[in-house]
Amino acid sequence: MSTPIIVGNWKMNGLSADSADRAKQIVDSLATVPAAGVEVVVCPPFTQLALLGPLLKDTPVAMGAQDCHKDDKGAHTGDIAPSMLTDLGTTHVILGHSERRRDHEEVDETVREKTVSAMKAGLTPIVCIGETEDQRQSGQTEDTLGWQIKGSLPDGFAGIVAYEPVWAIGTGLAATIEDITNTVAFIRAELVRQFGDAGKSLRILYGGSVDANNAAGILAIPDVAGALVGGASLKPDAFLTIIRAVPAR
Ligand code: PGA
């Protein structure tokens, strides 16, 4: 079985002191009562990576970023290269989040190029896919996910896939256990179709309104390897409850 992983996506929230305080609370709790066998990652805003890197070093909490550029250097004003992330102790990077696809018009090809360069830099990419409400209503969920998997994941993909239905993000309305189970089975089949045997062991996370109350049910779904958590990851108590809801496997 693959190692379960809980990822906190802090998005564009909090100033340095808030993030340092939140990180310390999570680290302290896990130092006191370890969540054995669960990988924990927090993804602060870029501007706080340099602060949190030393704080999280040699703790059970790894650090991720929320995006990176496809090139490793050059004339790209305002962008961040993968090696700039590893330089600060970052080990994971979220790519193709629906908010970036929406706000920055990222398409599957952009996500694929970023994924290649993240892998080259030694980062673990967490690639997000998910259908919108319109796509769901018009019965296009599987088509959408199929195209996103084909388009966003490069040959030799060595990372994590996060299934995040767009309509479930930040709405308090998580997908049902039945829907997640079925959709994750579809994603698994597509991964195996694209990557053969390697597709069998890629981890699939669920994201979209995961909270302290629904986490145990979602994390108990056999092929769900963990969760990508937005809003609830900003509250240490809720985030820790989610981490501790991971069933022993
Ligand atoms: P949410 O966000 O948990 O606030 O719904 C999840 C995400 O966007 O990764």
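These lines cover the structure that appears in this document, whether it is placed above or below. No experiment lies behind these values; they were computed from the predicted model shown.

Looking at the nonpolar core
I6, I187, L191, Y206 and I243 are the most contacted members of the largest nonpolar core, which totals 60 residues. Every residue in contact with I6, bar those within four places of it in the chain, is listed here: V38, E39, V40, V41, L219, G226, A227, V229, F239, I242, I243 and V246. If you look at the next biggest cluster of nonpolar residues, it comprises 12 residues, including V7, C43, C128 and A162.

Quick notes on helix α11 (residues 236-244)
Regarding α11, the residues found buried are P236, A238, F239, L240, I242 and I243. Buried residues belonging to α11 abut β1 (5-9), α1 (16-32), β2 (39-43), α10 (215-219) and β8 (226-229).

Brief notes about the packing of aromatic side chains
Tallying each qualifying case throughout the model produces 2 aromatic pairs. A centroid spacing of 6.3 Å and a plane angle of 35 degrees characterise the contact between F157 and F195, whose relative ring orientation is tilted. Here the residue F157 occupies a position in the loop between α7 (141-152) and β6 (160-163), and F195 occupies one in helix α8 (residues 177-195), the gap between them amounting to 38 residues. The exposure classification of F157 matches that of F195, with both residues buried. One residue, R22, lies across the ring of W10, its end atom 4.5 Å from the ring centre. When the ring centre of W167 is taken as origin, the NZ or CZ atom of R136, which lies over that ring, is 3.7 Å away.

Criteria and cut-off values
Residues numbered from 1 in each chain as written. Predicted model: local features only at pLDDT ≥ 70, side-chain atom pairs only at ≥ 80, totals over all residues. Heavy atoms only, no water. Core = buried A, V, L, I, M, F, W, Y, C linked by side-chain atoms within 4.5 Å. Buried < 20%, exposed > 50% of the residue type's maximum accessible area, 1.4 Å probe, protein only. Contact = heavy atoms within 4.5 Å. Helix = DSSP H or I, 4+ residues; strand = E, 2+ residues; numbered from the N terminus. Phe/Tyr/Trp six-rings, centres within 6.5 Å; stacked < 30°, edge-to-face > 60°. Lys NZ or Arg CZ within 6 Å of the ring centre and 35° of its normal.

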